[in-house]
Amino acid sequence: IEWLVATKDLVIGTTYGEHLVGADGGVIKPDDIQVEQQSSYGSKSIQPIQIGDEVLFISPDGLKLRAMQYDFTKDNWISRDVTFFSEHITESGVRNIAWAQHPDQLLWCALENGDAAVLSYERTEGVYGWSRQTTDGFYRDFAAAQLNGTSYVLSLAQREDDSLYLEIQDNDVFMDSYL
């Protein structure tokens, strides 16, 4: 097991596939548990992001972002490759992901080469687009936090002197180590 996400049911990502865990009685107990494989893409040990009724996770090789969503017509969870038209964007591999929902709906990916890949994502409108961000040094990690209805992205950046800086991504200020 690489990750767990609680939706209506429990979704589990493993190295070799994605599984749904449920129970006939609605509560998982030792004598009432059902595990059904939903896809066989596999997952990396990076906690996925749940966006509405969709789960976004990283493939085992770290090169693909997959979006998994329940499809009523197929009575199954279906997974699609969100990096399909932009495979070059994650060619060094993904280290970590963070979701900043308000106001711009951005998924931040820390890449193995120290860059960031940022996905502008609005699934209901069928809009998604990738960009690459660089910094003086390396992005090591990202996290997102909410404050008064606004998402703030925090980055852990390693600078050229090997010092680590915790920085807030602010669209109005274009300076490293601003805060």
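What counts and what doesn't
Residues numbered from 1 in each chain as written. Predicted model: local features only at pLDDT ≥ 70, side-chain atom pairs only at ≥ 80, totals over all residues. Heavy atoms only, no water. Pairing = 2+ DSSP bridges. Helix = DSSP H or I, 4+ residues; strand = E, 2+ residues; numbered from the N terminus. Axes fitted to C-alpha atoms, helices over the stretch in contact; angles between N-to-C directions. Phe/Tyr/Trp six-rings, centres within 6.5 Å; stacked < 30°, edge-to-face > 60°. Buried < 20%, exposed > 50% of the residue type's maximum accessible area, 1.4 Å probe, protein only.

1. Observations regarding the sheet that holds strand E1 (residues 3–6)
- With antiparallel pairing, four strands are arranged side by side in an open sheet as E1-E2-E3-E4. For this open sheet the edge positions go to E1 and strand E4 (34–39), each flanked by a neighbour on one side alone. Strand-to-strand twist across the sheet, computed as the mean angle between neighbouring axes with direction ignored, equals 25 degrees.
- Direction of pairing for strand E3 (residues 18–22) relative to E4: antiparallel, over a ladder of five bridges. Counterpart to Leu 20 in the pairing with E4 is Glu 36.

2. Quick look at the packing of aromatic side chains
- Under the criterion given, the structure shown has seven aromatic pairs.
- An angle of 85 degrees between the planes, with centres 4.8 Å apart, marks the rings of Tyr 70 and Phe 72 as edge-to-face.
- Classification of Tyr 70 as partly exposed rests on a relative accessible area of 25%.

3. A closer look at the sheet that holds strand E5 (residues 49–51)
- Strand order in the open sheet made by the four strands is E5-E6-E7-E8, with antiparallel pairing throughout. In the strand order of this sheet, the two ends are held by E5 and strand E8 (76–81), each with one partner. Each strand of the sheet is rotated relative to its neighbour by a mean of 30 degrees, with strand direction disregarded.

4. What about the pairing of strand E14 (residues 150–158)?
- Pairing geometry for strand E13 (residues 138–147) and E14, over nine bridges, is antiparallel. Bridge pairing in E14 places Phe 138 opposite Gln 158.
- Connecting E13 to the antiparallel partner E14 that follows it, the hairpin turn spans two residues, and Asn 148 within it adopts a positive phi of roughly 55 degrees.
- Pairing analysis gives six bridges linking E14 to strand E15 (residues 164–169), with the strands arranged antiparallel. Bridge pairing in E15 links Ser 155 to Glu 167.
- The loop that links E14 with its antiparallel partner E15 comprises five residues; one of these, Asp 162, has a positive phi angle of about 70 degrees.

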